[in-house]
Amino acid sequence: MIQKRILRPDRVRGIHGGFAFIPHRFLSKGFLAVLTPAELLLYFFLILVSDRHGLSYYSEKTICTSLRILPEAYTRARQGLIEKDLIAYDGILFQVLELP
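Quick caveat: nothing in here was measured; it's all calculated off a predicted structure. (Residues numbered from 1 in each chain as written. Predicted model: local features only at pLDDT ≥ 70, side-chain atom pairs only at ≥ 80, totals over all residues. Heavy atoms only, no water.)

Engineer: Any chance you could explain unusual backbone geometry here in plain terms?
Structural biologist: Backbone phi values are negative for most residues with the exception of glycine, while trans is the configuration of most peptide bonds. Phi is positive for Arg68, which is not a glycine, with a value near 55°. What makes Arg68 exposed here is its relative accessible area of 76%. The phi dihedral of Asp85 is positive, around 65°, even though this residue is not glycine. Note on placement: Asp85 falls in the loop between α5 (71-83) and β2 (87-89). (Buried < 20%, exposed > 50% of the residue type's maximum accessible area, 1.4 Å probe, protein only. Helix = DSSP H or I, 4+ residues; strand = E, 2+ residues; numbered from the N terminus.)

Engineer: Which parts of the structure should I look at to understand the packing of aromatic side chains?
Structural biologist: Any pair of aromatic rings gets described here by the distance separating the centres and the angle formed by the planes. All chains considered together, the criterion is met by six aromatic pairs. A ring pair is formed by Phe26 and Tyr43, whose centres lie 5.1 Å apart and whose planes are at 5°; its orientation type is stacked. On the criterion of sequence distance, the pair formed by Phe26 in helix α1 (residues 25-28) and Tyr43 in helix α3 (residues 37-49) is long-range, its members being 17 residues apart. As far as the burial class goes, Phe26 and Tyr43 line up, both buried. Where Phe26 meets Phe44, the ring centres are 5.8 Å apart and the plane angle is 50°; that geometry is what we call tilted. In this pair, Phe26 sits in helix α1 while Phe44 sits in helix α3, placing the two residues 18 residues apart along the sequence. (Phe/Tyr/Trp six-rings, centres within 6.5 Å; stacked < 30°, edge-to-face > 60°.)

Engineer: How should the pattern of salt bridges be read in this particular structure?
Structural biologist: Side chains bearing opposite charge may pair, as long as their charged atoms lie close to each other. Summed over all chains, the structure comprises three salt bridges. A salt bridge links Glu39 to Lys84, with the shortest nitrogen-to-oxygen separation between them at 3.0 Å. Within this pair, whereas Glu39 is found in helix α3, its partner Lys84 is found in the loop between α5 and β2, the two being separated by 45 residues in sequence. What makes Glu39 buried here is its relative accessible area of 5%. (Salt bridge = Lys/Arg side-chain N within 4 Å of Asp/Glu carboxyl O.)

Engineer: Explain the packing of α3 against α5 to me, please; I cannot follow it from the model alone.
Structural biologist: Between two packed helices, the angle of one axis relative to the other and the distance separating the axes together describe the packing. In contact at an axis separation of 8 Å, α3 and α5 are set at 75° when each is read in the N-to-C sense. Judged by the inter-axis angle, α3 sits roughly perpendicular to α5. Taken together, the residues of α5 that come into contact with α3 (itself represented by Ala38, Glu39, Leu42 and Tyr43) are Ala73, Tyr74, Arg76, Ala77, Arg78, Gly80 and Leu81. (Axes fitted to C-alpha atoms, helices over the stretch in contact; angles between N-to-C directions. Parallel < 35°, antiparallel > 145°, perpendicular 65-115°, else oblique. Contact = heavy atoms within 4.5 Å.)

Engineer: What's the story with the environment of Leu93 in this structure? I'm lost.
Structural biologist: With respect to the helices, strands and loops of the structure, Leu93 is situated in the loop between β2 and β3 (94-96). The class of Leu93 is partly exposed, set by a relative accessible area of 33%. Through-space distance from the C-alpha of Leu93 to that of Tyr57 is 4.7 Å; in sequence the pair is 36 residues apart. Once residues within four sequence positions are removed from consideration, Leu93 is found in contact with Leu55, Ser56, Tyr57 and Ala88.

Written as structure tokens, this is what we have:
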């Protein structure tokens, strides 16, 4: 077994200001494996920009520009995340949901 040790004590991560996390279940329960690259990119973006309740309201234009994806790819990714029960979207507001 590999013994873990902190490689850079001067650069240990901490929470400063914002809060974003991805639960280990995202990997261990196969969510990572089933997402397309665009879905994964959008999901991680929404995690990064959401508040403590998982809410954010970035516009399609801002998301597409930030992620450097076309609107069609954004729409497919958003729909895929909704169908996979990872986000909710009401046309303006996003909510990153607890993993099903």
